[in-house]
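Below, each chain spelled out in residue letters.
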Amino acid sequence: MNLKDVLVFSEEVAKAMKENKPVVALESTIISHGMPYPQNVETAKEVEQLIRENGAAPATIAILDGKIKIGVNEGELEFLGTNKEIEKVSRRDLPYVIAMKKHGATTVAATMICANMAGIKVFATGGIGGVHRGAERTMDISADLQELAHTNVAVVCAGAKSILDLGLTLEYLETNGVPVIGYGTDILPAFYSSTSPFKVNYRIDTPEEIAKLIATKWELGLNGGLIIANPIPKEEELEESYINSIIEEALKEAEEKQIAGKAVTPFLLDKVKTLTGGKSLEANIALVKNNAALAAKIAASLSSSF
């Protein structure tokens, strides 16, 4: 198999890359499995437009008919947001979905892999996966963390999803040498909330300085990704103790129903949305947009370094 036969670039992304203009990768699991319709498609379009407004080209990544699409059109966005047969694709699933010519929505890990194949260095998402609560019993650890350990893509996110064990997630990242950078904050944001009991490794206050750190890491030959933790805007966040109590209730129900593996996160996010009366969905949309704008600014600064 020739990689060129599998990678398909949208016209917008191909043009940007040919002209050495910045590009920001976006995942598709958030569209197919992370939000309800029509908010999923509306948000995807708004996020892409925000990236354009901040000086970069958006590249939403997905697998369609076994092809890795680096950038999708409006019809494909609609398809990703409404079709119920789309696989959730992480590193493990990529060869199967491509070989069988299926459709797939890429997780953080798979999006990093595909972005790296395409030469895209910056990726915006909502929150990364991590070490699940109770992982000392279940060994449930997201493949996102291992991908961050060795794939050269910088990930702009609102921290790890707050349904996770944030302390153990940070420990895992530290063991694998993945820097966690707080954008304008010393505290690790916790997805729906801008605060948590944990600190980031380094605080950096400008996109230009973050781009400089990213370039320096890879120029030193230190392979692996970086996390740029960008807090949800204060006016959009959910209070830390409130959202934590909701998450505890959702986790209890997931355990009672014996939900496991890659079904856990979609179940918990949907349950949290229900228990918060939709407030968590509004917060999720706000933080994804916030991350996209920052990622575009970082990509614009970084494109002059490579």
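Structure first, text after, so check above.
Residues numbered from 1 in each chain as written. Predicted model: local features only at pLDDT ≥ 70, side-chain atom pairs only at ≥ 80, totals over all residues. Heavy atoms only, no water.

Colleague: Looking at this structure, I do not really get the nonpolar core. What am I missing?
Modeller: Generally speaking, nonpolar side chains in soluble globular proteins are found buried as a group. Counting residues in each nonpolar core, the largest one holds 103 residues, and the members touching the most others are Ile70 and Ile128. By residue number, the principal contributor to this core is helix α14 (residues 279–302), which donates twelve residues. Non-local contacts of isoleucine 70, meaning those with residues more than four positions away in its chain, are made with Leu7, Val8, Phe9, Ser10, Val13, Ala59, Thr60, Ile61, Cys114, Ala118 and Ile120. (Core = buried A, V, L, I, M, F, W, Y, C linked by side-chain atoms within 4.5 Å. Buried < 20%, exposed > 50% of the residue type's maximum accessible area, 1.4 Å probe, protein only. Helix = DSSP H or I, 4+ residues; strand = E, 2+ residues; numbered from the N terminus. Contact = heavy atoms within 4.5 Å.)

Colleague: What is the right way to read the pattern of salt bridges from this model?
Modeller: If charged atoms from side chains of opposite charge come close, those side chains can pair. Under the counting rule described, the total for this entry stands at 15 salt bridges. For aspartate 186, the salt bridge is made with arginine 203, and the minimal N-O distance between the two is 3.3 Å. Note that aspartate 186 is positioned in the loop between β9 (180–183) and β10 (202–204) and arginine 203 in strand β10, a separation of 17 residues in sequence. Its salt-bridge partner being lysine 271, residue glutamate 253 comes within 3.0 Å of it at the nearest N-O pair. Here glutamate 253 is found in helix α12 (residues 240–256), whereas its partner lysine 271 is found in helix α13 (residues 264–275), with 18 residues between them in sequence. One salt-bridge network, held together by shared partners, links Glu12, Glu48 and Arg52. (Salt bridge = Lys/Arg side-chain N within 4 Å of Asp/Glu carboxyl O.)

Colleague: I keep staring at a nonpolar patch on the surface and nothing clicks. Help me out?
Modeller: Side chains of Met1, Leu3 and Met117 sit close together on the surface and give an oily, nonpolar patch of about 340 Å² of accessible area. Looking at the element boundaries, methionine 117 is found in helix α7 (residues 108–118). (Patch = residues over 30% accessible without salt bridge, like charges linked within 9 Å, V, L, I, M, F, W, Y side chains within 5 Å. Areas by Shrake-Rupley, 256 points an atom, 1.4 Å probe, with all protein chains shown as cover.)

Worth remembering: the numbers are spatial, not functional.
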